[in-house]
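If you want the building blocks of each chain, they are given just below.
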Amino acid sequence: MTGETATSAWSSQQGAAALAAPSLAEKRRAFDWRILLGFLLPIAVALLWEAAVRFGLAQGRLVPPPSRIFATLWSLAETGELWTHVWTTLWRVLTGFVIGAVAGIVFGALSGSSETVRRLLDPTLQALRAIPSIAWVPLFILWLGIFEASKVALIAVGVFFPVYLGIAGAILSVDRKLVEVGHVFRLSRFKLAKRILLPAVLPEAVIALRSGLGLGFMFVVAAEFMGASEGLGYLLVDGQQMGKPDQILAAIIAFALLGKLADSLLVLLTKPLVRWQDTVRERL
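Scoring rules and cut-offs
- Residues numbered from 1 in each chain as written.
- Predicted model: local features only at pLDDT ≥ 70, side-chain atom pairs only at ≥ 80, totals over all residues.
- Heavy atoms only, no water.
- Core = buried A, V, L, I, M, F, W, Y, C linked by side-chain atoms within 4.5 Å.
- Buried < 20%, exposed > 50% of the residue type's maximum accessible area, 1.4 Å probe, protein only.
- Helix = DSSP H or I, 4+ residues; strand = E, 2+ residues; numbered from the N terminus.
- Contact = heavy atoms within 4.5 Å.
- Axes fitted to C-alpha atoms, helices over the stretch in contact; angles between N-to-C directions.
- Parallel < 35°, antiparallel > 145°, perpendicular 65-115°, else oblique.
- Nonpolar A, V, L, I, M, F, W, Y, C, P; charged D, E, K, R; others polar.
- Phe/Tyr/Trp six-rings, centres within 6.5 Å; stacked < 30°, edge-to-face > 60°.
- Left-handed = near helix turned anticlockwise from the far one by under 90°.
- Patch = residues over 30% accessible without salt bridge, like charges linked within 9 Å, V, L, I, M, F, W, Y side chains within 5 Å.
- Areas by Shrake-Rupley, 256 points an atom, 1.4 Å probe, with all protein chains shown as cover.
- Salt bridge = Lys/Arg side-chain N within 4 Å of Asp/Glu carboxyl O.
- Expected span 1.5 Å × (residues − 1).
- Arc of directions from axis to C-beta.
- pLDDT = per-residue confidence, 0-100.

Here we look at the nonpolar core
Soluble globular proteins tend to pack their nonpolar side chains together in the buried interior.
Reasoning step 1: By size, the foremost hydrophobic cluster in this structure holds 45 residues, and its most contacted members are Leu82, Phe97, Leu154, Leu213, Phe217, Leu232 and Phe255.
Reasoning step 2: Counting residues per element, the ones that place at least two in this core are helix H3 (66-79), helix H4 (81-113), helix H6 (136-144), helix H7 (148-172), helix H9 (189-224), helix H10 (232-241) and helix H11 (245-270).
Reasoning step 3: What Leu213 contacts, discounting residues up to four positions off in sequence, is Val93, Phe97, Ala262, Asp263 and Leu266.

Set out below in structure tokens:
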């Protein structure tokens, strides 16, 4: 009887696994389709504008049709000029993002975990956060010159503030009951931070990092206005000075694609950190 019971249980498990496999496959197929849906809107807009120019409904002088924009992108890619600009911009954003994110995490953690530090630092940092990005340009040029250091510093400033605000806010929004449970179990400060505070803060921290990365790509444009001879921001300025709207839009599209790829990579790298979440987002 025992052997029959074990065999029956094993068969039931195999049957359940067989039933679960199609469900998982269907879920993956649905996820792939939802990724493709994200391309429908830009493709539809591009086709409509292309048709409007082709049929004479619009001139396409100031806003060229997609065919001209992609021809410009292809030409820049063939000569290798596009990849030089992309790599330069990506290097600046990555360097500034790392510096700004590390500083934002450190100061955000200090401000969120200590009321004394928060009262000391937060008013000054909030005031600095309100300064427009372009206002830092002459100061950084004066301090660091017009080369890479000033550009990276400007990007780091743009990344710092959303990361700082997100980390500090995440720590301050941790449920008090979770901390009290840790105290009941007499966890040390290190174990309390590791087992309770860190998992509670991580989802908001990922959002803060994504916001900082997005602002990093915004600030790199202002940074590359500072006497740059390479970078996608330089392509924008060159297109404006030479009256090339197709080059301007090609640079904007390159910015959009590069920013989206960087954001997707950040989400992919941080996904294991928040895999424990059981949220409605996973079922939508």
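Let's pick the thread back up.
Topic: the packing of H4 against helix H5 (residues 115-129)
Each pair of packed helices can be described by the angle between their axes along with the distance between the axes.
Reasoning step 1: At a closest axis distance of 5 Å, the pairing of H4 and H5 adopts a crossing angle of 125°. With respect to H5, the element H4 is oriented oblique. Between H4, through Phe107, Leu110, Ser111, Gly112 and Ser113, and H5, the contact on the second element is made entirely by Glu115, Val117, Arg118, Leu121 and Asp122.
Reasoning step 2: Taken together, the residues of the contact of H4 with H5 sort by class into four nonpolar, three polar and three charged.

A short note on the packing of aromatic side chains
Reasoning step 1: Tallied over the entire structure, the rule returns five aromatic pairs.
Reasoning step 2: Feature note: the residues Phe107, Phe160, Phe161 and Tyr164 constitute an aromatic cluster, connected by ring pairs.

Describing the environment of Leu165
Reasoning step 1: With respect to the secondary-structure elements, Leu165 resides in helix H7.
Reasoning step 2: Along the chain, Leu165 and Asp122 lie 43 residues apart, while their C-alpha atoms are 9.4 Å from each other.
Reasoning step 3: In this structure Leu165 touches Gln126 and Arg129, once residues within four positions along its chain are discounted.

Focus: the packing of helix H8 (residues 176-184) against H9
Reasoning step 1: Where H8 meets H9, the axes come as close as 10 Å, and the angle between the chain directions of the two elements is 145°. Relative to H9, the crossing made by H8 is right-handed. Between H8 and H9, the contacting residues are Leu178, Val179, Gly182 and His183 on the first element and Leu192, Ile196 and Leu197 on the second.

Some thoughts on a nonpolar patch on the surface
Reasoning step 1: Taken together, Leu94, Val98, Val102, Val106, Phe107 and Leu110 make up a surface patch of nonpolar side chains, about 500 Å² in accessible area.
Reasoning step 2: Looking at where Val98 falls in the secondary structure, it is placed in helix H4.

Focus: the pattern of salt bridges
Reasoning step 1: Tallied over the full model, the rule gives five salt bridges.
Reasoning step 2: Linking Glu50 and Arg54 is a salt bridge whose minimum nitrogen-to-oxygen distance equals 2.7 Å. Taken as a pair, Glu50 and Arg54 lie in helix H2 (residues 40-54) at a separation of four residues, close to a single helical turn.
Reasoning step 3: The class for Glu50 is buried, based on a relative accessible area of 13%.
Reasoning step 4: The exposure class of Arg54 is exposed, given its relative accessible area of 63%.
Reasoning step 5: Asp263 serves as the salt-bridge partner of Arg210, at 2.9 Å between the closest nitrogen and oxygen.

Brief notes about H3
Reasoning step 1: The terminal C-alpha atoms of H3 lie 20 Å apart, and with 14 residues this matches the ideal 20 Å at 1.5 Å per residue to within 8%.
Reasoning step 2: The set of residues buried in H3 consists of Pro66, Ile69, Thr72, Leu73, Leu76 and Ala77. In an axial view of H3, the angular spread of the buried residues amounts to 135°, which keeps them on one side of the axis. Among the exposed residues of H3, those pointing more than 90 degrees away from its buried face are Trp74, Glu78 and Thr79.
Reasoning step 3: Directly beyond the C-terminal end of H3, a positive phi value near 85° is found at Gly80.

Here's the deal with the side chain of Thr88
Reasoning step 1: Turning to its location among the elements, Thr88 is positioned in helix H4.
Reasoning step 2: Once you skip the residues sitting within four places of it in the chain, Thr88 turns out to touch Glu230 and Gly231.

Examining the environment of Ala208
Reasoning step 1: On the secondary structure map, Ala208 appears in helix H9.
Reasoning step 2: The exposure class of Ala208 is buried, given its relative accessible area of 5%.
Reasoning step 3: Contacts of Ala208, omitting those with residues within four sequence positions, involve Pro162, Val163, Gly166 and Ile167.

Details of the confidence of the model for the chain
Reasoning step 1: Of the residues in the chain, 85% reach a pLDDT of 70 or more, and the chain-wide mean stands at 81.
Reasoning step 2: Per-residue pLDDT, averaged within each element of the chain, yields its smallest value for helix H1 (residues 2-37) (52) and its largest for H4 (93).
Reasoning step 3: Contacts of residues 16-22 to residues separated by more than four positions or lying in other chains number zero contacts, the stretch itself having pLDDT below 50.

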